[in-house]
Amino acid sequence: MYFPVGWPKILDIAETGDSCQLLKICCDRVKILFAILTEDSLRIWYTKPCVPIVCHRRSAKSIEKHGRNMLVEWKPDSSMLVVVTEEGTLLLYSLGVVDTPKGIYNQIDSPFQNLRRDSAELFVKETIPCLMLALSHEVPLFVPVTCISCVSISQMMVATKAGKVLRIRWDGVEERDFSLDLKRIPFSVNQQVSY
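Keep in mind the model is a prediction, meaning the values are calculated, not measured.

Q: Is there a simple way to explain the overall build of the chain in this structure?
A: Across its full length, the chain holds two helices and 12 strands. Starting at the N terminus, the α and β elements of the chain follow one another as β-β-β-β-α-β-β-β-β-β-β-β-β-α. By the burial criterion, 33% of the 195 residues in the chain qualify as buried. Of the contacts formed within the chain by residues at least 6 apart in sequence, a portion of 45% connects residues at least 24 apart. A total of about 13,200 Å² of accessible surface is found on the chain, and carbon and sulfur atoms cover 57% of it.

Q: Looking at this structure, how should I read the pairing of strand E10 (residues 155-160)?
A: Regular strands place their side chains on alternate faces of the sheet. The pairing of strand E9 (residues 145-150) with E10 spans five bridges and is classified as antiparallel. Paired with serine 149 across the bridge in E10 is methionine 157. The hairpin formed by E9 and E10 contains four residues between the paired strands. Of the strand pairs in this sheet, E10 and strand E11 (residues 164-169) are connected by five bridges, and their pairing is antiparallel. For glutamine 155, the partnering residue across the bridge sits in E11 and is arginine 169. With antiparallel pairing between neighbouring strands as the criterion, E10 and E11 make up a hairpin whose turn holds three residues, including glycine 163 at a positive phi of roughly 85 degrees.

Q: Help me understand the sheet that holds strand E8 (residues 130-140) in this model?
A: For sheets, the rule is that strands pair by backbone hydrogen bonds, running either parallel or antiparallel. Strand order in the open sheet made by the four strands is E5-E6-E7-E8, with antiparallel pairing throughout. Unpaired on one side and paired on the other, strand E5 (69-74) and E8 mark the two borders of the sheet. Strand-to-strand, the axes of this sheet are offset by a mean angle of 25 degrees, without reference to chain direction. Pairing geometry for strand E6 (residues 80-85) and strand E7 (residues 89-98), over five bridges, is antiparallel. From the neighbouring strand, leucine 81 faces E7, where its bridge partner is tyrosine 93.

Q: Explain the pattern of salt bridges here, please?
A: One side chain can pair with another of opposite charge once the charged atoms of both are near each other. A full pass over the atoms with the stated rule returns five salt bridges. The partner of aspartate 40 in a salt bridge is arginine 57, and the shortest N-O contact between them spans 3.0 Å. With aspartate 40 in the loop between strand E2 (33-38) and strand E3 (41-46) and arginine 57 in strand E4 (residues 51-57), this pair connects stretches of sequence that are 17 residues apart. For aspartate 40, a relative accessible area of 21% gives the class partly exposed. Measuring nitrogen to oxygen at the nearest pair gives 3.6 Å for the salt bridge that ties arginine 184 to aspartate 181. Residue arginine 184 is classed as exposed on the basis of its relative accessible area, which comes to 71%. Judged by relative accessible area, aspartate 181 falls into the partly exposed class, the value being 21%. Overlapping salt bridges, with partners in common, bring together Arg169, Asp171 and Glu175 in one network.

Q: Sorry, what's going on with the sheet that holds E4 here?
A: The strand order across the open sheet formed by four strands is E1-E2-E3-E4, and the pairing between neighbours is antiparallel. What marks the edges here is a single partner per strand, and that holds for strand E1 (22-27) and E4. On average, adjacent strands in this sheet sit at an angle of 20 degrees to one another, irrespective of strand direction. Looking at chain direction, E3 and E4 are connected through six bridges and run antiparallel.

The rules behind the values
Residues numbered from 1 in each chain as written. Predicted model: local features only at pLDDT ≥ 70, side-chain atom pairs only at ≥ 80, totals over all residues. Heavy atoms only, no water. Helix = DSSP H or I, 4+ residues; strand = E, 2+ residues; numbered from the N terminus. Buried < 20%, exposed > 50% of the residue type's maximum accessible area, 1.4 Å probe, protein only. Contact = heavy atoms within 4.5 Å. Areas by Shrake-Rupley, 256 points an atom, 1.4 Å probe, with all protein chains shown as cover. Pairing = 2+ DSSP bridges. Axes fitted to C-alpha atoms, helices over the stretch in contact; angles between N-to-C directions. Salt bridge = Lys/Arg side-chain N within 4 Å of Asp/Glu carboxyl O.

This is the structure:
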């Protein structure tokens, strides 16, 4: 059975003259922000109300070097995101809050009496933060990535097509003690043969 929650929303993410293909939508842990990944951009939106906050578009040189975007994953504290490219590069983005007391979307009442709102319920009560998205690290793995998952506040797990499972810290350093090469692990169907 299917139980919808709330009304469906149609969001226009295309900019003027832009034909972007949506690849993935991913919420942060507390579901206040969500990331929209396209082939060449990463966009951060606020959930309620559903408004865009920041967008980072990769240059043509970066796309030629690393390939187009494929996957995105949040850090549990929502301070960073990782984007996986086609060529197997991890692009680590830091997300910071810029201190502005009013936020980025402010509703101002009309100076004309007949156009003013009658009720305070018609105002957005949430302060939508001003965010800054910046590329902090590029981690080339030189092999295509199939899956990525955040396993802790300090590490993520990356599975590659070459049969490796890597543990990488959010500062871009690989934890070699916790990484596995599945080709080197012996498997046996018959338990007697494995002894």
